[in-house]
Amino acid sequence: MYYVISFLAIMAAEIITVQSPALVGRFTDVLNKGKLTFGLVERYSLWLVLIAIGFSIFFGIGQFRTGQMGRQFEYLLRRHLFTHWETLSTSYFRKRSIGDLLNHAMNDVQAVRQAISQGLNQLSNAIFLLCSSLFMMFHTVSIKLTAVSIIPILFIPLFVVWFGPRVRNASRRAQESLSSMTDLAEENFSAIRLIKATANESVAVNRFEGSVDTVVERQLIMARQTALFQSLIPLMGSISFFIALLYGGYLVVTHQILLGAFVAFTMYLALVINPLQQIGNVINNFQRASASLLRLSILLGEQPDITDKRNPVELESIRGDIEFRMPAFQYPDGDHPALADVFFAISHGQTLGIVGQTGSGKTTLVNLLPRIFDPLPGTVFVDGYDVRDLRLEDLRNAISYVPQDGFLFSANIGENISFSKENANLAEIEQAARLACIYEEVQAFPAKFDTVIGERGIALSGGQKQRTAIARAFLKDAPILILDDCLSAVDMNTEKRIVNSLNEVRSNRTTIIIAHRLSAVRHADLIIVLDEGRLVEKGTHDELIAQNGIYADMFALQQQDSEVAMN
Ligand SMILES: Nc1ncnc2c1ncn2[C@@H]1O[C@H](COP(=O)(O)OP(=O)(O)OP(=O)(O)O)[C@@H](O)[C@H]1O
């Protein structure tokens, strides 16, 4: 609808504007014949002003409508893109850099928007102006003169065919370098503390300069191609002008056309050169936009690799019984199993502790429960159902997961805690904060729960970040709670208080605690020990101590360490 309005408005504007050369032509003829009166001068001037006003009104409407259409398209496309990304699995994001994704969301969408608003606007403008000028030239001046003068213009399609793929290719390379630059900037901002602490600012700046240089270099290549292409079009226009003057002048001198017709003709040619250049611009914009559109359609065509199966089991509520019957699990891009011989079961309300060396497969194991990665069929069960048979939404709603790095959003603390429960009230947020032992510290901040934290919670200490993330999981209050080594940055006393809160409020819910410090899992109903992905020991704390294996060794070592620390 917007486009129809803008299309009609631009058409009206151009039909109006092409009347002025004809008017000036008639004026010249009257002048030439010596019949010009002051009343006629006034009338011609008035018509010219009316033409200008009519053109401005319709052209303005056309511009606004196409602009509006472009912005709406941009908004819808970005929203669609983001919603689509949210449906994709984590393995997709492992393969893509953030800079690249941001580049698509910003630059590619913008290129398509420009083609839609400015491009379509300029194209229809140019086509109407061209057609109506040519019509007026044929109609009011001379068919022969027009036909001869437009010959150079016929070369333009050849230039388009020649330059098109080159401009597209240059645009793709420029966009790729922009992606890498955005990536590097993102990486540097994330690592700003490390860079400063190790006085590596100059290294970071040099790396960034290198990537900016590449961007500039590639953009210049694109600019060169574009400039060459665009300058050839007015060149062809000027050759047309040259022919018009030569041949048109001859026709006037030999009295085959009137002087007024010749004046009008040169004005039409001047009118035609502008749309020709615009067509060049538009074609370049379209080339760029078509490269962007291709990238966007590939992105939007990506399918999530972890989805609901056909007719999944829909449970009203999940209790939280968990069982692993897993001979092996291998990552899609791994070359050997990350987990092997993992057989254990816990009932709802129980606590499972998972310990093991770093890289032994603890995070991998818990990631299989919410299907962050898909286990093989018949290997992981919740409430007796294969997790692959449950509705993904039900399964994930039933799990609160606190990852190792307790990610925080750039929002205030209250919003961070209530992220998983949108309409939580302040009392609920405060209760969750109390259980996670962060309440007093938040109350000490000037804005309390309204305190805004920077990206990734830069104003909070590591332990505070972890406890805020734990409070978020407490607030969600799901039947299964997974704490993935998220007590590592809190001191022993706080750890003890959090574990006590867990015992207090989670009596009927299943808790999985991954920990390096054995004190955090000591009271678990079942502890499993992983070693290079293999489940090597399982039992309660006392049973494992009695087995005298890896767990007993780890315990002895940690006991020694804490005694040394006490002394
Ligand atoms: N997405 C992945 N694709 C391929 N291999 C992976 C992936 N994630 C982890 N791995 C590999 O799986 C193994 C187990 O990693 P995992 O993160 O589960 O160990 P972890 O016991 O949790 O370690 P940590 O205590 O250091 O957190 C490692 O060898 C790791 O390199």
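Because the structure is predicted, anything quoted here is derived from the model rather than measured.

Q: Which parts of the structure should I look at to understand the overall build of the protein chain?
A: Helices and strands together make up the secondary structure of the protein chain, namely 19 helices and ten strands. Here the C-alpha radius of gyration of the protein chain, 36 Å, is well above what a compact globule of 567 residues would show, namely 24 Å. Each principal axis of the C-alpha distribution contributes one length, and for the protein chain these read about 120 × 55 × 50 Å. Contacts in the protein chain between residues at least 24 apart in sequence constitute 76% of all its contacts with a sequence separation of at least 6. The positive charge centre, built from 49 side chains, and the negative charge centre, built from 55, are 12 Å apart in the protein chain.

Q: What's the story with the domain arrangement of the protein chain in this structure? I'm lost.
A: For interface size, the figure often reported is the accessible area lost on association. The domain boundaries assigned to the protein chain delineate domain 1 (2-301), domain 2 (322-398 + 478-566) and domain 3 (409-464). On a C-alpha basis, the centres of domain 1 and domain 2 stand 61 Å from each other.

Q: Just to check I follow, could you spell out helix H2 (residues 19-32) for this structure?
A: End to end, H2 covers 20 Å across 14 residues, agreeing with the expected 20 Å (1.5 Å per residue, within 8%). Every buried residue belonging to H2 is among Ser-20, Pro-21, Ala-22, Leu-23, Gly-25, Thr-28, Asp-29 and Val-30, and all of these are buried. Following H2 by one or two positions, Gly-34 has its phi on the positive side, about 70 degrees.

Q: Explain the pattern of salt bridges to me, please; I cannot follow it from the model alone.
A: Once the charged atoms of two side chains with opposite charge are near each other, the side chains can pair. Overall, the coordinates contain 17 salt bridges when judged by the stated rule. Close ionic contact of Arg-388 with Asp-374 constitutes a salt bridge, the shortest N to O distance being 3.8 Å. Of this pair, Arg-388 sits in the loop between strand S5 (385-386) and helix H12 (392-397) while Asp-374 sits in the loop between helix H11 (362-367) and strand S4 (380-382), and the two are 14 residues apart along the sequence. Classification of Arg-388 as partly exposed rests on a relative accessible area of 26%. Salt-bridge contacts for Lys-421 lead to Glu-428; the nearest nitrogen and oxygen are separated by 2.7 Å.

Q: Can you walk me through the UniProt feature "transmembrane region" (unreviewed entry) in the protein chain in this structure?
A: The residues that UniProt annotates with the feature "transmembrane region" (unreviewed entry) are residues 7-24, 44-62, 123-141, 147-164, 227-247 and 253-273. Helix makes up 94% of residues 7-24 and strand makes up 0%, while its end C-alpha atoms are separated by 27 Å. Overall, residues 44-62 shows 100% helix and 0% strand. The separation of its end C-alpha atoms is 27 Å.

Q: Sorry, what's going on with unusual backbone geometry here?
A: Glycine aside, negative phi is the norm for most residues, and most peptide bonds take the trans geometry. With a phi angle near 60 degrees, His-255 is a residue other than glycine that sits in the positive phi range. Residue placement: His-255 occurs in the loop between helix H9 (201-253) and helix H10 (259-301). On the basis of relative accessible area, His-255 is assigned to the exposed category, the value being 71%.

Q: Before we go on, may I ask you to explain the packing of helix H14 (residues 426-435) against helix H16 (residues 462-476) in this structure?
A: A packed helix pair is summarised by two numbers, namely the angle formed by the two axes and the spacing between the axes. Close contact between H14 and H16 brings their axes to 8 Å; oriented N to C, the two are set at 125 degrees. Considering the angle they form, H14 stands oblique to H16. Every pair of crossing elements has a handedness; the one defined by H14 and H16 is right-handed. In contact with Glu-428, Ile-429, Ala-432, Ala-433 and Leu-435 of H14, H16 contributes Ala-471, Phe-474 and Leu-475.

Q: What is the right way to look at the nonpolar core in this model?
A: The tendency in soluble globular proteins is for nonpolar side chains to be buried side by side. Of all hydrophobic cores here, the largest spans 44 residues; its most connected members are Val-355, Ile-417, Phe-449, Ile-470, Phe-474, Val-521 and Tyr-551. At the level of secondary structure, the elements contributing two or more residues to this core comprise helix H13 (413-417), H14, helix H15 (439-444), H16, strand S7 (480-484), helix H17 (492-505), strand S9 (526-531) and helix H19 (550-566). Take this core: its biggest share by element is six residues, from H16. Both domains that meet at this core, namely domain 2 (322-398 + 478-566) and domain 3 (409-464), each give it at least three residues. Apart from residues lying up to four places away in sequence, Ile-470 is in contact with Val-402, Ala-436, Cys-486, Leu-487 and Ile-498. Membership of the second largest hydrophobic core comes to 33 residues, among which are Ile-354, Leu-368, Val-380 and Val-387.

Q: Help me understand the packing of H2 against helix H3 (residues 38-87), please; the structure alone is not making it clear to me.
A: Taken N-terminus to C-terminus, the directions of H2 and H3 make an angle of 170 degrees; their axes are 10 Å apart at the nearest point. Comparing the axis directions of H2 and H3 gives the class roughly antiparallel. In this structure, H2 contributes Gln-19, Ser-20, Leu-23, Val-24, Arg-26, Phe-27 and Val-30 to the contact, and H3 contributes Leu-40, Val-41, Tyr-44, Trp-47, Leu-48 and Ile-51.

Q: Please clarify how the environment of Ser-45 should be interpreted in this entry.
A: Its place among the elements puts Ser-45 in helix H3. Taking C-alpha positions, Ser-45 is 9.6 Å from Leu-23, a pair spaced 22 residues apart along the chain. There is a polar contact of 2.6 Å between the side chain of Ser-45 and the backbone oxygen of Val-41.

Q: In this structure, what is going on with the site of the ligand? I would like to understand it.
A: The immediate surroundings of the ligand are formed by 15 residues, with Gly-359, Lys-362, Thr-363, Thr-364 and Gln-404 found nearest. A distance of 3.0 Å is found between an oxygen atom of the ligand and a backbone nitrogen or oxygen belonging to Gly-361. In isolation the ligand exposes 640 Å². Once the protein is present, 69% of that is buried. Grouping the amino acids of the shell around the ligand by side-chain chemistry returns three nonpolar, nine polar and three charged.

Q: I tried to follow the packing of aromatic side chains on my own but got confused; where do I start?
A: The relative placement of two aromatic rings is captured by the distance of their centres and the angle of their planes. The tally for this structure, following the rule as stated, stands at ten aromatic pairs. In textbook terms, an aromatic cluster arises when at least three aromatic residues are bridged by ring pairs, as seen for Phe-329, Tyr-331 and Phe-373. It is Arg-166 that lies over the ring of Trp-162; its NZ or CZ is 3.7 Å from the centre. A cation sits over an aromatic face here: Arg-434 above Tyr-439, 4.2 Å from the ring centre.

Q: Any chance you could explain the pairing of S9 here in plain terms?
A: It is a general feature of regular strands that their side chains alternate between the two faces of the sheet. Of all six residues making up S9, five are buried, and the element is well covered by its neighbours. Note: strand S3 (residues 351-356) against S9, five bridges, orientation parallel. The partner of Gly-356 across the bridge, within S9, is Leu-530. Here S9 runs beside strand S10 (residues 534-539); their pairing, made up of five bridges, is antiparallel. Directly across from Leu-530, in S10, lies its bridge partner Leu-535. Between S9 and S10, which pair antiparallel and follow one another directly, the connecting turn spans two residues, one of which, Glu-532, has a positive phi of 50 degrees.

Procedures and definitions
- Residues numbered from 1 in each chain as written.
- Predicted model: local features only at pLDDT ≥ 70, side-chain atom pairs only at ≥ 80, totals over all residues.
- Heavy atoms only, no water.
- Helix = DSSP H or I, 4+ residues; strand = E, 2+ residues; numbered from the N terminus.
- Rg over C-alpha atoms; globule rule 2.2 N^0.38 Å.
- Contact = heavy atoms within 4.5 Å.
- Lys, Arg positive; Asp, Glu negative; His and termini not counted.
- Charge placed at Lys NZ, Arg CZ, Asp CG, Glu CD.
- Domains from an automatic or database assignment.
- Expected span 1.5 Å × (residues − 1).
- Buried < 20%, exposed > 50% of the residue type's maximum accessible area, 1.4 Å probe, protein only.
- Salt bridge = Lys/Arg side-chain N within 4 Å of Asp/Glu carboxyl O.
- UniProt positions renumbered as here; feature names shortened; annotations may be inferred.
- Axes fitted to C-alpha atoms, helices over the stretch in contact; angles between N-to-C directions.
- Parallel < 35°, antiparallel > 145°, perpendicular 65-115°, else oblique.
- Left-handed = near helix turned anticlockwise from the far one by under 90°.
- Core = buried A, V, L, I, M, F, W, Y, C linked by side-chain atoms within 4.5 Å.
- Polar contact = N/O pair within 3.5 Å; in protein donor to acceptor, adjacent residues only side chain to side chain.
- Near = heavy atom within 4 Å.
- Areas by Shrake-Rupley, 256 points an atom, 1.4 Å probe, with all protein chains shown as cover.
- Nonpolar A, V, L, I, M, F, W, Y, C, P; charged D, E, K, R; others polar.
- Phe/Tyr/Trp six-rings, centres within 6.5 Å; stacked < 30°, edge-to-face > 60°.
- Lys NZ or Arg CZ within 6 Å of the ring centre and 35° of its normal.
- Pairing = 2+ DSSP bridges.

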